[in-house]
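# Survey of secondary and tertiary structure
Each chain is listed here by its residues.
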Amino acid sequence: ETGVTQTPRHLVMGMTNKKSLKCEQHLGHNAMYWYKQSAKKPLELMFVYSLEERVENNSVPSRFSPECPNSSHLFLHLHTLQPEDSALYLCASSQDWAGQGNNEQFFGPGTRLTVL
Amino acid sequence: TQLLEQSPQFLSIQEGENLTVYCNSSSVFSSLQWYRQEPGEGPVLLVTVVTGGEVKKLKRLTFQFGDARKDSSLHITAAQTGDTGLYLCGARAAGNKLTFGGGTRVLVKP
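Residues numbered from 1 in each chain as written. Chains lettered and ligands numbered in written order. Predicted model: local features only at pLDDT ≥ 70, side-chain atom pairs only at ≥ 80, totals over all residues. Heavy atoms only, no water.

## Considerations on the overall build of chain B
Secondary structure assignment for chain B yields 0 helices and 11 strands. Shown N-terminal to C-terminal, the secondary structure of chain B runs as helices and strands in the order β-β-β-β-β-β-β-β-β-β-β. Relative to the 2.2 N^0.38 estimate, which gives 13 Å for 110 residues, the radius of gyration of chain B is 13 Å and therefore close to what a compact globule would have. With respect to the principal axes defined by its C-alpha atoms, chain B has extents near 45 × 25 × 20 Å. Within the span of chain B, comprising 110 residues, buried residues form 44% of the whole. With the model as given, the accessible surface of chain B reaches about 5,200 Å², and the carbon-plus-sulfur share is 50%. Measuring between centres, the 11 positive side-chain charges of chain B sit 5 Å from its 9 negative side-chain charges. (Helix = DSSP H or I, 4+ residues; strand = E, 2+ residues; numbered from the N terminus. Rg over C-alpha atoms; globule rule 2.2 N^0.38 Å. Buried < 20%, exposed > 50% of the residue type's maximum accessible area, 1.4 Å probe, protein only. Areas by Shrake-Rupley, 256 points an atom, 1.4 Å probe, with all protein chains shown as cover. Lys, Arg positive; Asp, Glu negative; His and termini not counted. Charge placed at Lys NZ, Arg CZ, Asp CG, Glu CD.)

In structure tokens:
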């Protein structure tokens, strides 16, 4: 596997379910990100991890809980979601977070989440 | 209010035609990136521009960063059906946070 992978690619869940999204990067990067992409809205940055420490949390509801056990893996734990949370959830990674050079972000294919 | 405004929101053209999409802001950015996203996939980086007035070419794609580093344009010459996708600009301002525009959806018809 190369680049950034995400599983599952599609997820349908009820509002009372608990599920997790997984992201893995094979690029040796130090920073990982979760984004939400909804129809007709810009990409919204949710969380940033640098060297396994959370460095940014953009007013995301507590029903979304990130976890970064090591620099290659990032999870997004979901519980008690609402229908408006249905979106494409994208994971990305970059070499560093702290503004070194361009810090190009490499995105995974995303998880298409539908909350019923 | 979006920090980055992309226009137009949607563009439909015939194969072989030229097109330009824009990314504008009132803020100054240290760098700006263009991505293309195809259905069912994540955004793929096309180019990064960092110097005011910079012009970069990638085959039939020409990217320009405004002199004041507040805006950028992407011009595609002789568009092909493979150019169809959502074009996103992302820019990095103070604090190193990458902010994205709403995107321009481009459809190139055969």
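## Observations regarding the environment of A:E44
Residue position: A:E44 is located in strand β5 (residues 44-50). Those residues in contact with A:E44 that sit more than four places away from it in its chain are A:W34, A:Y35, A:K36 and A:S38. (Contact = heavy atoms within 4.5 Å.)

## Thoughts on the confidence of the model for chain A
Here chain A averages 90 in pLDDT, while 94% of its residues score no lower than 70. When pLDDT is averaged over each helix and strand of chain A, the minimum, 81, is found for strand β6 (residues 53-57) of chain A and the maximum, 97, for strand β3 (residues 18-25) of chain A. (pLDDT = per-residue confidence, 0-100.)

## Some remarks on the interface of chain A and chain B
Between chain A and chain B, the residue contacts involve 20 residues of the former and 21 residues of the latter. Carbon and sulfur atoms supply 52% of the area that chain A and chain B bury against each other, a total of about 1,500 Å² over both sides. Summed over the shared surface of chain A and chain B, the number is 0 salt bridges. Inspection of the chain A/chain B interface yields 3 residue pairs in polar contact (both at pLDDT 80 or more). Secondary-structure elements contributing two or more residues to the side of chain A that touches chain B are β4 (31-37) and β9 (87-94) of chain A. (Buried area = accessible area lost by both parts, 1.4 Å probe. Salt bridge = Lys/Arg side-chain N within 4 Å of Asp/Glu carboxyl O. Polar contact = N/O pair within 3.5 Å; in protein donor to acceptor, adjacent residues only side chain to side chain.)

## Focus on the sheet that holds strand β1 (residues 4-7) of chain A
Hydrogen bonds along the backbone pair up the strands of a sheet, which may run parallel or antiparallel. Residue and element names in this part refer to chain A. Within the open sheet, the 4 strands sit side by side as β1-β3-β8-β7. Their pairing is antiparallel. Strands with a single pairing partner mark the edges of an open sheet, and in this sheet they are β1 and β7 (64-70). Within this sheet the neighbouring strands show an average axis-to-axis angle of 20°, counted without direction. (Pairing = 2+ DSSP bridges. Axes fitted to C-alpha atoms, helices over the stretch in contact; angles between N-to-C directions.)

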